[in-house]
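Analysis of the macromolecular model
Listed below are the residues making up each chain.
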Amino acid sequence: MTEYETILVETRGRVGWITLHRPEALNALNTQLMHDVVDAATGFDADRGIGAIVVTGSERAFAAGADIKEMEAKSGLDMIMGDHFGEWSRFAAIRTPVVAAVAGYALGGGCELAMMCDIIIAADTAKFGQPEINLGVIPGLGGSQRLLRAIGYYKAADLVLTGRMMDAVEAERSGLVSRVVPAADLLAEAGKIADTIASKSLPSVFAAKAALDAAMETTLAEGLRFERQAFAALFSTHDQKEGMAAFREKRSPDFTNS
Ligand code: CAA
C-alpha cells in the first residue's frame, strides 16, 4: 500500500480507510493533503475489492479547514490560475460511497470535505461551521452550495454569514449529520456502516449513489428520469436476480458484484 505524507491509509475487509494526519495543523487541508486524499480515494474507487470508504481525522479535529497559512499570500489570480481546490472535485466524483467519521472540528474546508461524503457520522464532540467570513473570504469548496441543500437556506445563511459553529446535536437536528454517537464509539460505528454498504452489490450501490447525486444536481423531472433508467438497468445484473431469488427463498443473497 502506498505511503502518504499527510494521511494514513489501510484496508479492512472490503472497506478502505483514510485517516487525515496533519496533527500539527488540526488536519488543515493543504495541497499535499488534497493530492494524497484524492490519490487514495480514487485508488480505492478503482478497486473491485472495495465497497465503501471511511474518511476520518483525529479526536481533536476532522479538519480545521483549508490551510490558511498556505493560502494567505496568494492573489485572486493565483487562486484561479492554480485551480487551488480543483482536484477535490475528483474526490466528490468517486462512485464508491464514503462515510465521514467526524470528531472535533469540521470547519470550513473540513465541513465541506465531510459534505463531499455520502454519510456523515459525528462524535458527540463534533463541531461544524463555515468560519471563512471571519477571514474576509467565503466558503470555497461547496459550503455555500452543499450546505444549503443539506440544511436549507436559513440555517446555512446563519452559519455562513456569522461564522459560528454548531455542535453535533444541532447538526443532526439540521440534517447535516446522519447519526451522532459517543466519541468512543465513532470509528466502530463508522466501520459498521461502511461494512454494511460494502456487503451489498456494487452495481446497485453505485447506481444508488449516482441517483442520490442526481437529486442534488438536477431538476426533479431529470432526476426521476435518471432513477427510472438506473433502476431498469439493474435488472440486467446477476445480483438483481440473486437478490430477488434470495428474498423468495427466504435466505441471504450471495452477491457477486456482477
Ligand atoms: N490552516 C492552517 N493552520 C491551522 C488551521 C488552518 N485552517 N487551523 C488550525 N491551524 C493550526 C494553528 O495555526 C495551530 O498551529 P501553531 O501551533 O503552529 O500555531 C494549530 O493548528 C493548532 O490550532 P490552534 O492553536 O488554533 O488550536 P485551538 O484549539 O486554539 O483552536 C480552532 C482550534 C478553533 C479550530 C482554530 O485553530 C481555528 O479557528 N482554525 C481555523 C478555522 C478556519 O478558519 N477554517 C476555515 C479555513 S478557510 C477555508 O476552509 C476555505 C474553504 O472554504 C476551502
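Below is a summary of the structure that appears in this document. As the structure is a computational prediction, the values presented were derived from the model and not from experiment.

Take Tyr154: it is sitting in helix H7 (residues 153-162). For Tyr154 and Ser75, which are 79 residues apart along the polypeptide, the C-alpha to C-alpha distance reads 31 Å.

What follows is about the site of the ligand. Among the 24 residues in the neighbourhood of the ligand, the closest are listed as Ala66, Gly109, Glu112, Glu132 and Gly140. A distance of 2.9 Å is found between a nitrogen atom of the ligand and a backbone nitrogen or oxygen belonging to Ala64. At 2.8 Å from an oxygen atom of the ligand is found a main-chain nitrogen or oxygen belonging to Gly109. Its free accessible area being 990 Å², the ligand has 67% of it covered by the protein chains. Mapped by element, the contributors of at least two residues to the shell around the ligand are helix H2 (68-71), strand S6 (105-107) and helix H5 (109-115). The element best represented in the shell around the ligand is H2, accounting for three residues.

Extensive coverage of strand S5 (residues 98-102) is indicated by the burial of five of its five residues. The side-chain alternation of S5 yields two buried faces, one formed by Val98, Ala100 and Val102 and the other by Val99 and Ala101. For strand S3 (residues 52-56) and S5, the ladder comprises four bridges, and the chain directions are parallel. Across the sheet, residue Val54 finds its bridge partner in S5, namely Val99. With four bridges joining them, S5 and strand S7 (residues 119-123) adopt parallel strand pairing. Residue pairing across strands places Ala100 opposite Ile120, the latter belonging to S7.

Soluble, globular proteins show a tendency: their nonpolar side chains are buried together. Grouped together as the largest cluster of nonpolar side chains are 46 residues, with contacts concentrated most on Ile18, Leu20, Trp88, Phe91, Phe128 and Leu176. When residues of this core are assigned to their parent elements, the largest contribution, seven residues, is made by helix H1 (residues 31-45). For Phe91, the contacting residues outside a window of four places in its chain are Val37, Val38, Ala41, Val55, Val98, Leu113, Met116 and Cys117. Ala123, Ala194, Ala198 and Val205 belong to the second-largest nonpolar core, a separate cluster that totals 17 residues.

What follows is about the sheet that holds S3. The six strands lie next to each other as S1-S2-S3-S5-S7-S10, forming an open sheet whose pairing is mixed. The open sheet has two edge strands, strand S1 (7-12) and strand S10 (179-181), and neither has a second partner. Strand after strand, the sheet turns through a mean of 20 degrees between neighbouring axes, direction not considered.

Overall, mixed pairing links the four strands, which are arranged S4-S6-S8-S9 in an open sheet. Strand pairing shows two members of the sheet lacking a second neighbour, strand S4 (61-63) and strand S9 (165-167), which therefore form its edges. Strand-to-strand twist of the sheet, defined as the mean angle between neighbouring strand axes without regard to direction, takes the value 20 degrees. Sheet analysis places strand S8 (residues 127-129) next to S9, joined by three bridges and oriented antiparallel. In the strand pairing of S9, Lys127 is matched with Asp167.

Cut-offs used in this document
Residues numbered from 1 in each chain as written. Predicted model: local features only at pLDDT ≥ 70, side-chain atom pairs only at ≥ 80, totals over all residues. Heavy atoms only, no water. Helix = DSSP H or I, 4+ residues; strand = E, 2+ residues; numbered from the N terminus. Near = heavy atom within 4 Å. Polar contact = N/O pair within 3.5 Å; in protein donor to acceptor, adjacent residues only side chain to side chain. Areas by Shrake-Rupley, 256 points an atom, 1.4 Å probe, with all protein chains shown as cover. Buried < 20%, exposed > 50% of the residue type's maximum accessible area, 1.4 Å probe, protein only. Pairing = 2+ DSSP bridges. Core = buried A, V, L, I, M, F, W, Y, C linked by side-chain atoms within 4.5 Å. Contact = heavy atoms within 4.5 Å. Axes fitted to C-alpha atoms, helices over the stretch in contact; angles between N-to-C directions.

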